[in-house]
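# Observations on the three-dimensional arrangement
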Amino acid sequence: MNGASNWPLAGLRVLDLSSEIAGPWSTKMLVDAGAEVVKIESPEGGDPLRRWSASGASIAEGEDGALFQHLNASKRSAVLDLESEEGRAAFLDLAAGADLVVESFAPGELEGLGLGFETLQERNPALSLVSISSWGGSGPWASRAATEFTLQAATGSTAHRGLEERVPVAAGGRVGEWVAGSFAAVGSMLAWLSARNTGKGHHVDLSIFEALLLSMTYFFDLASQWREESLHRGIEVPSIEPAADGWVGFCTITGQQWKDFCSMLGEQELGEDDRWLDGTLRSSEFAYLHGIIHRWTRERSVDEIVELGNLLRIPTAPIGDGRNLPERDHFVERGVYATGPGGFVRPRPSYQLEKTALRPFGPAPKLGEHTREVLDERGNERRVAPSLLGGDSALPLKGLRVVDLSTFWAGPILGSILSDMGADVIKVESIQRPDGMRFAGAIPTDRMWEWSPVFHGANTGKRDVTLQLDSAEGLEQLKRLIAGSDVVFENYSARVVENFGIGWEVVRELNPRCVMLRMPAFGLDGPWRDRPGFAMTVEQVSGLAWMTGYPDLPLVMRGACDPVGGLSALFALLVALEERSRTGEGQLVEASLVEAALNVASEQVIEYSAYGALLERNGNRGPYAAPQGVYACAEAGEHVAIAVATDEQWRGLRSLLGDPEWARDPALDRAEGRRAAHDAIDAEIGKWLASRKRDAAVETLLGAGVPANALVNGHAVSPNPQLEARGFFQHMEHPVTGKTRYPGLPMSFSGLARGLHPSPPPLLGQHNDEVLGGELGLGEDELADLRERKVIGERPTFM
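Attention in this report is confined to the structure presented alongside it. This is a predicted model, so every value here is computed, not measured.

The rules behind the values
Residues numbered from 1 in each chain as written. Predicted model: local features only at pLDDT ≥ 70, side-chain atom pairs only at ≥ 80, totals over all residues. Heavy atoms only, no water. Helix = DSSP H or I, 4+ residues; strand = E, 2+ residues; numbered from the N terminus. Rg over C-alpha atoms; globule rule 2.2 N^0.38 Å. Buried < 20%, exposed > 50% of the residue type's maximum accessible area, 1.4 Å probe, protein only. Areas by Shrake-Rupley, 256 points an atom, 1.4 Å probe, with all protein chains shown as cover. Disulfide = S-S within 2.5 Å. Phe/Tyr/Trp six-rings, centres within 6.5 Å; stacked < 30°, edge-to-face > 60°. Lys NZ or Arg CZ within 6 Å of the ring centre and 35° of its normal. Patch = residues over 30% accessible without salt bridge, like charges linked within 9 Å, V, L, I, M, F, W, Y side chains within 5 Å. Salt bridge = Lys/Arg side-chain N within 4 Å of Asp/Glu carboxyl O. Core = buried A, V, L, I, M, F, W, Y, C linked by side-chain atoms within 4.5 Å. Pairing = 2+ DSSP bridges. Contact = heavy atoms within 4.5 Å. Axes fitted to C-alpha atoms, helices over the stretch in contact; angles between N-to-C directions. Right-handed = clockwise from strand over helix to strand, strands pointing away.

Helix and strand counts for the protein stand at 32 helices and 26 strands. Radius of gyration (C-alpha) of the protein: 26 Å, near the 28 Å computed for a compact globule of 799 residues. Each principal axis of the C-alpha atoms in the protein carries an extent, and together these give about 80 × 70 × 50 Å. By the burial criterion, 62% of the 799 residues in the protein qualify as buried. With the model as given, the accessible surface of the protein reaches about 28700 Å², and the carbon-plus-sulfur share is 49%.

Encoded structure:
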């Protein structure tokens with residue numbers, strides 16, 4: 001299928017007022033699926049990303065940076081001066097014919113221009129406005145200075161990562177902006193679908209801080225309600241280790257993986273000592289363990305170690321970076337990377353639809369290239385798309401029935417968001433093999449499988465049944481569920497569902513209208529398809545881990561990969577459902593975890609391809625702000641994150657330091673000069689903070705307009721006045737854990753309540769009778785027989 005009219009989001013009209021990464025990434029996801037996106041830019045140079053290069057490469061006059069070109073491919077650009085009456089009038093005329101406006105102004109700035117949501121609604125009641133800001137558009141911290149780096153500190157992520165004898169370290173690569181953009185793309189789709197039901201658009205208010213809380217922590221706030229102790233800083237052992245010819249990554253989340261890893265090293269006694277199953281102990285004894293591990297890894301090549309590790313089913317991967325990723329055999333065979341307009345290499349969209357083509361990458365627009373063309377379109381009639389599911393609820397997915405076969409984090413969070421938006425999501429587990437995340441970080445009680453923070457955070461709103469899928473009776477009931485559902489999704493390794501007997505051919509025969517979403521770590525084909533892969537493995541191979549850590553020690557991010565994979569897959573699912581509304585047919589959707597991560601890490605490949613520069617981690621320093629770092633305060637163990645992103649912020653910091661003579665050097669007035677003098681500036685900031693208490697120092701820095709935040713321990717995020725003011729948390733009564741505080745979505749919808757979770761996460765098999773009996777019609781005797789034979793049940797067989 002070719003041509004604009006056949007792209008799945010053809011007819012969706014978007015005005016993009018955003019800049020930098022988060023907003024443009026969200027609208028890139030829309031434009032790649034066929035939406036029409038017009039980038040509205042100011043006459044003063046437009047989006048600052050046009051002049052951006054993470055490596056500091058020179059960008060010729062009249063040219064645009066490669067990352068800008070990637071994020072804005074296939075869009076049009078119109079220049080409007082929104083501070084003029086004429087420019088505002090023109091924008092309102094364009095808004096009258098649009099479905100979405102995406103913006104990243106400071107909170108209140110759009111309203112100050114006379115272009116707030118209420119004004120837009122007066123011109124077009126069905127229009128939705130998606131606003132992206134650091135803290136969200138409301139609350140006491142809405143105008144608080146911040147960068148993605150300081151927001152990480154506020155979530156508890158930074159304080160949890162690194163060696164105890166070194167400074168804590170943030171995740172690199174501006175990953176939070178990519179995460180926020182992924183949420184914004186999903187929020188845009190959901191607002192558009194809701195408006196098609198009701199005729200009324202939403203103001204979607206997205207907080208990058210809240211997005212990071214959901215993606216860069218393992219639901220620390222949930223855990224803090226059940227565990228009194230603070231989180232300790234540490235690293236995974238093993239993780240990214242030196243080989244004879246590079247770096248290699250391991251993941252030993254399960255006890256069996258650790259034991260198999262020790263056997264691979266020839267250290268069976270180490271594996272038999274159950275004390276080492278404790279990851280905290282391994283982190284505290286990292287020097288001892290590294291000595292053992294490195295004696296083995298340094299004598300072998302990366303390829304040799306990867307082959308052996310995967311033969312033993314230990315998730316093992318080469319470490320990706322901007323230079324080597326396009327050359328990996330798996331990505332070459334799958335066609336992940338290609339050279340597009342602009343002449344540099346970039347990844348394709350992170351998902352593939354069986355029957356539907358996505359828009360090929362077009363060139364990025366020059367500043368104002370389409371101004372006249374766009375303005376001439378004012379007054380064009382807006383296409384009114386029909387309701388996706390034929391309903392009239394503001395909850396856009398009310399009436400959608402979903403079978404959730406997924407486990408761990410990426411798949412479950414997708415199902416939870418579907419539930420928030422009105423879908424009936426039935427999670428299918430078994431008592432032989434419950435969702436493994438039920439045991440991750442769980443409180444050791446008689447029912448520990450009901451006490452995992454990540455399971456709680458990623459599974460709200462679902463119903464739960466247990467079915468032994470390798471039994472004829474269990475498989476039969478699953479097929480009956482699928483026959484009456486709109487969607488079935490899973491994230492097993494590539495061959496698992498076929499081995500159960502529920503591959504795509506079977507699903508299509510059972511239900512031709514069903515959309516099947518598959519989320520294997522490495523995709524459904526290619527040399528790596530059968531490799532085991534957890535989120536840490538994907539971080540290692542995708543380049544995300546390459547940009548995080550100390551110069552001599554790359555570290556995994558501990559997050560982002562799973563939630564972003566879930567968001568990417570959810571977006572793909574919504575696109576497929578949109579296509580089904582036109583054709584009446586379901587289709588297979590593939591959304592591998594690794595390709596979602598490769599898109600988030602795309603700047604590394606783009607920068608190397610376009611400019612020959614290999615981006616590398618540098619502790620807490622980065623190309624966006626200088627100085628930028630984590631600094632110790634007067635009291636032991638307390639740190640502050642500071643990021644000076646503009647020359648004006650530097651002047652504020654210089655004033656706080658007493659405007660010393662060294663700081664008046666004209667070279668320091670520009671970021672390049674401050675970056676060159678980073679060591680000296682860090683030393684001076686360290687002296688200034690050494691006699692100050694953390695919280696007082698933060699308030700002083702913020703008062704001068706300098707982005708700063710305390711490094712918060714992940715178990716001490718609450719209470720937080722910003723989160724409380726925005727209603728981020730939802731309190732629900734769980735049958736086992738009692739009254740529990742659950743995080744919501746990182747964005748509010750003006751036409752919906754903030755607390756969208758319909759129910760707490762389900763108990764194992766909680767809805768067996770309700771679903772299998774009440775809906776599929778099994779009688780009491782049949783249910784009792786299935787329980788007796790352990791086809792269904794409510795307690796793991798091994799507990």
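Read on for the rest.
Here the structure, examined in full by the defined rule, presents zero disulfides. Free of any disulfide, Cys251 has its nearest cysteine sulfur in Cys561, 11 Å distant.

So, on to the packing of aromatic side chains. Going through the model one piece at a time under the given rule, you end up with 20 aromatic pairs. A ring pair is formed by Phe250 and Phe261, whose centres lie 5.0 Å apart and whose planes are at 65°; its orientation type is edge-to-face. Here Phe250 is found in strand β8 (residues 246-250), whereas its partner Phe261 is found in helix α10 (residues 255-265), with eleven residues between them in sequence. The residues Phe250 and Phe261 share a single accessibility class, namely buried. Consider the rings of Tyr492 and Phe500, whose centres lie 6.2 Å apart with planes at 65°: the pair is edge-to-face. A network of ring pairs unites the aromatic residues Tyr218, Phe219, Phe220 and Trp409 as a single cluster. The cationic tip of Arg282 hangs over the ring face of Trp258; the distance from NZ or CZ to the ring centre is 4.2 Å. Here Arg617 stacks its cationic end above the ring of Trp546, 4.7 Å away from the centre of that ring.

A cluster of nonpolar side chains, namely Leu308, Leu311 and Leu312, defines an oily patch on the protein surface of about 260 Å² accessible area. Position of Leu308 among the secondary structure elements: in helix α14 (residues 302-311).

Residues Leu9, Leu397, Leu418 and Phe571 are the most contacted members of the largest nonpolar core, which totals 143 residues. Counting residues in hydrophobic clusters, the runner-up holds 29 residues, among them Val403, Val465, Leu478 and Ile482.

Quick look at the sheet that holds strand β14 (residues 424-429) now. Read across the open sheet, the seven strands follow the order β12-β20-β17-β16-β13-β14-β15; overall the sheet is mixed. On the outer flanks of this sheet lie β12 (352-353) and β15 (463-466), each paired with one strand and no other. Alignment of β12 against strand β20 (residues 588-590), held across two bridges, turns out to be antiparallel. The residue of β20 that forms the bridge with Leu353 is Val589. Most of the contacts of helix α19 (residues 472-483) go to strand β13 (residues 401-404), to which it runs at about 145°, and overall it touches β13, β14, β15 and β16 (487-490). Sheet strands touched by helix α23 (residues 561-583): β12, β16, β17 (515-518) and β20. Its angle to β17, the strand with the most contacts, is close to 160°.

This part is about the pairing of β13. Burial along β13 is two-sided: Arg401 and Val403 and Val402 and Asp404, pointing in opposite directions, are all buried. Relative to β14, β13 runs parallel, the two being bridged by four bridges. Paired with Val403 across the two strands is Ile426, which belongs to β14. Note on the crossover from β13 through helix α17 (residues 410-420) to β14: the handedness is right-handed. In terms of strand pairing, β13 meets β16 through three bridges, oriented parallel. Bridge pairing in β16 links Asp404 to Phe489.

A word on the pattern of salt bridges. Side chains carrying opposite charge are able to pair once their charged atoms draw close together. All chains considered together, the criterion is met by 65 salt bridges. Arg50 serves as the salt-bridge partner of Asp64, at 2.8 Å between the closest nitrogen and oxygen. Of this pair, Asp64 sits in the loop between β2 (36-41) and α2 (66-71) while Arg50 sits in the loop between β2 and α2, and the two are 14 residues apart along the sequence. Looking at Asp64, the relative accessible area reads 10%, which means it is buried. Using a relative accessible area of 3% as the deciding quantity, one classes Arg50 as buried. For Arg401, the salt bridge identified is with Glu775, shortest N-O distance 3.0 Å. One end of the pair, Arg401, is in strand β13; the other, Glu775, is in helix α31 (residues 768-775), with 374 residues separating them in the sequence. Looking at Glu775, the relative accessible area reads 37%, which means it is partly exposed. Via salt bridges that share partners, Arg13, Glu36, Arg76, Glu373 and Glu377 belong to a single interconnected network.

Time to look at the environment of Ile314. Structurally, the position occupied by Ile314 is in the loop between α14 and β9 (316-318). Classification of Ile314 by relative accessible area gives buried; the value is 0%. Measuring from C-alpha to C-alpha, the distance between Ile314 and Cys251 comes to 6.9 Å, with 63 residues separating the pair along the chain. If we skip the residues at most four places from it in the chain, Ile314 touches Cys251, Thr252, Gln257, Asp260, Phe261, Met264, Gly309 and Pro532.

This next bit is on the sheet that holds strand β21 (residues 628-632). Spatially, the three strands line up as an open sheet ordered β21-β22-β23, and their pairing is antiparallel. One side of each edge strand has no neighbouring strand; the edge strands of this open sheet are β21 and β23 (708-710). In this sheet, neighbouring strand axes are inclined to one another by 20° on average, regardless of whether the strands run parallel or antiparallel. Looking at chain direction, strand β22 (residues 639-643) and β23 are connected through three bridges and run antiparallel. Paired with Ile642 across the strands is Ala708, a residue of β23.

It is worth spelling out the environment of Ser182 at this point. Along the chain, Ser182 turns up in helix α7 (residues 175-198). On the accessibility criterion, Ser182 (3% relative accessible area) is buried. In the structure, Ser182 is positioned 383 residues away from Gly565 in sequence and 9.4 Å away in space, judged by C-alpha atoms. Sequence-distant contacts of Ser182, that is, excluding residues within four places in its chain, are made with Trp25, Met29, Val564 and Leu567.

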